[in-house]
Amino acid sequence: QKTSQKTYHTRSTTHKTAAGRKLLQIMSEKRTNLCLSIDLTNPSEIIPLVTLLGPKICLLKTHIDIISFPPSEPNPIGTFTAKLQELARQHNFMIFEDRKFADIGNTVQEQYRGGVYKIASWAHITNAHAVPGPGIIRGLQAVAERVVGEPRGLLLLAEMSSKGNLGGGEYLKQTLAMAREEGVEGFVVGFIAMSEVGGEVEGEDFIVMTPGVGLEVGGDGLGQQYRTPEEVVGRDGCDVVIVGRGIVKDEDPLAVAEVYRERAWRAYEGRVGK
Ligand code: 5BU
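Criteria and cut-off values
Residues numbered from 1 in each chain as written. Predicted model: local features only at pLDDT ≥ 70, side-chain atom pairs only at ≥ 80, totals over all residues. Near = placed C-beta within 6 Å. Nonpolar A, V, L, I, M, F, W, Y, C, P; charged D, E, K, R; others polar. UniProt positions renumbered as here; feature names shortened; annotations may be inferred. Helix = DSSP H or I, 4+ residues; strand = E, 2+ residues; numbered from the N terminus. Buried ≥ 20, exposed ≤ 12 C-beta atoms within 10 Å, placed from the backbone. Contact = placed C-beta atoms within 7 Å. Expected span 1.5 Å × (residues − 1). Core = buried A, V, L, I, M, F, W, Y, C linked by C-beta atoms within 7 Å. Axes fitted to C-alpha atoms, helices over the stretch in contact; angles between N-to-C directions. Left-handed = near helix turned anticlockwise from the far one by under 90°. Pairing = 2+ DSSP bridges. Right-handed = clockwise from strand over helix to strand, strands pointing away. Parallel < 35°, antiparallel > 145°, perpendicular 65-115°, else oblique.

Participant: Break down the site of the ligand for me, with residues and values.
Facilitator: Neighbouring the ligand are 17 residues; Met 160, Ser 161, Pro 211, Gly 244 and Arg 245 lie closest to it. Here the shell around the ligand is composed, by residue class, of 6 nonpolar, 8 polar and 3 charged.

Participant: Outline the UniProt feature "binding site: substrate" (unreviewed entry) in the protein, listing residues and values.
Facilitator: Mapped onto the present numbering, the UniProt feature "binding site: substrate" (unreviewed entry) falls on Asp 39, Lys 61, Ser 161, Gln 224, Gly 244 and Arg 245. By the element assignment, Lys 61 lies in strand 2 (residues 59–62). You can call Lys 61 buried: it has 24 C-beta atoms within 10 Å. Apart from residues lying up to four places away in sequence, Lys 61 is in contact with Cys 35, Leu 36, Ser 37, Ile 38, Phe 96, Asp 98 and Ile 242. The exposure class assigned to Arg 245 is partly exposed, which follows from the 13 C-beta atoms found within 10 Å.

Participant: Describe the UniProt feature "domain: Orotidine 5'-phosphate decarboxylase" (unreviewed entry) in the protein, listing the residues and the values that go with them.
Facilitator: Feature annotation in UniProt places "domain: Orotidine 5'-phosphate decarboxylase" (unreviewed entry) on residues 33–260, given in this structure's numbering. The span residues 33–260 carries 36% helix and 19% strand; its end-to-end C-alpha distance comes to 9 Å.

Participant: Residues and numbers for helix 4 (residues 76–91), please.
Facilitator: If you check helix 4, its first and last C-alpha atoms are 22 Å apart, about what 16 residues at 1.5 Å a residue would give, namely 22 Å. Asn 92 sits one or two positions beyond helix 4 and adopts a positive phi of about 60°.

Participant: Tell me about the nonpolar core, and please be specific about residues and values.
Facilitator: Counting 76 residues, the largest nonpolar core has Cys 35, Cys 58, Leu 60 and Val 241 as the members making the most contacts within it. Residue contributions to this core peak at 6 residues, all from helix 11 (residues 253–272). Setting aside anything within four residues of it in sequence, one finds Cys 35 in contact with Ile 57, Cys 58, Leu 59, Lys 61, Phe 96, Met 209, Val 240, Val 241 and Ile 242.

Participant: An account of the packing of helix 5 (residues 105–113) against helix 7 (residues 135–145) is needed here, citing residue identities and associated values.
Facilitator: Where helix 5 contacts helix 7, the two axes come as close as 8 Å, and the packing angle between them is 35°. The way helix 5 lies across helix 7 gives a crossing that is right-handed. Listed contacts from helix 7 to Gly 105, Asn 106, Val 108, Gln 109, Tyr 112 and Arg 113 of helix 5 are Gly 135, Ile 136, Arg 138, Gly 139, Leu 140, Ala 142 and Val 143. When the residues that make up the contact of helix 5 with helix 7 are grouped by side-chain class, the tally is 6 nonpolar, 5 polar and 2 charged.

Participant: Describe in detail the environment of Arg 11, supporting the description with residues and values.
Facilitator: Within the secondary structure, Arg 11 is located in helix 1 (residues 8–14). For the pair formed by Arg 11 and Ile 207, sequence separation is 196 residues and the distance between their alpha carbons is 9.6 Å. When neighbours within four sequence positions are excluded, Arg 11 is seen to be in contact with Lys 6, Leu 24 and Asp 205.

Participant: Lay out the pairing of strand 3 (residues 94–101) in plain terms, naming residues and giving numbers.
Facilitator: Burial of strand 3 is extensive: 7 of the 8 residues sit out of reach of the surface. By the bridge criterion, 4 bridges tie strand 2 to strand 3 in an arrangement that is parallel. If you follow Thr 62 over to strand 3, its bridge partner there is Glu 97. Remark: the strand 2/helix 4/strand 3 crossover connection has right-handed handedness.

Participant: Give me the sheet that holds strand 10 (residues 240–243): which residues, what numbers.
Facilitator: In spatial order, the strands read 1-2-3-4-5-6-7-10; together these 8 strands close into a barrel with parallel pairing. Neighbour to neighbour, the strand axes of the sheet diverge by 30° on average, direction disregarded. Taken together, the 3 bridges between strand 1 (residues 34–37) and strand 2 define a ladder with parallel strand orientation. If you follow Leu 36 over to strand 2, its bridge partner there is Leu 60.

Participant: So what's going on with the packing of helix 3 (residues 43–53) against helix 11? Which residues, and what values?
Facilitator: Where helix 3 contacts helix 11, the axes come no closer than 10 Å and their chain directions differ by 50°. For the element pair helix 3 / helix 11, the angle class is oblique. Handedness of the crossing formed by helix 3 with helix 11: right-handed. In this structure, helix 3 contributes Leu 49, Leu 52 and Leu 53 to the contact, and helix 11 contributes Pro 253, Leu 254 and Ala 257. Split into classes, the residues belonging to the contact of helix 3 with helix 11 amount to 6 nonpolar, no polar and no charged.

As structure tokens, then:
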């Protein structure tokens, strides 16, 4: 049986990472495989929108470095990330900082743990390019293991949603091989990819998260390519749909988030034969 034919509930008991098990459990309980990409730059717009949409999502994706924080407050970033964590607890979703680490192990450790954002302290999941080789995974994993409290997980970028990206194909195969390396088990939750990855090995389960999702096929004029929830989840076996502008720029974000949730969830149910 392919991983994509198993239910999120079943996978929530067998996934090899604690972060993956927790996410699959949330998805199964809340009946949502929708990740909201909150790509806004004003924290006072973000918080109310996340409060409104929290019940609809399993995961909140951030780009912490696009936000303009008010210089007047003493610790605006810490206050903001604490608020996100509180909302995550309240509405039962996880937080994914879309940081796309891409340096040597030693450098990414500092970028993950420290600096102004202290990503490891508040983001349950982050992602990294495979370009630097397996040291990037080991570096991030060492930091993650020192975080007390909720588990941390990593997604590897195997393929991007944008036109002309260099991922996929042979690059994806090499990225999958890296995720299978000894030692990284328990940390690599899955991939950013456009279709199901791995699963040929018995018991292997990688959660695939996919951006470039719209209610219709299309693009944004800057390389983004949109596919529908039915194509992404139903046809291509991805698990989590990541939606940004389709929700945050809509005049009724709550109503449209429910449309995305429903369509992506039905596509999943069809896939697993429910
Ligand atoms: P959109 O507004 O739904 O197009 O936003 C997509 C989000 O996903 C945005 O934050 C991107 O930075 C992010 N993204 C992506 O679009 N494609 C990728 O391959 C990866 C991330 Br990785």
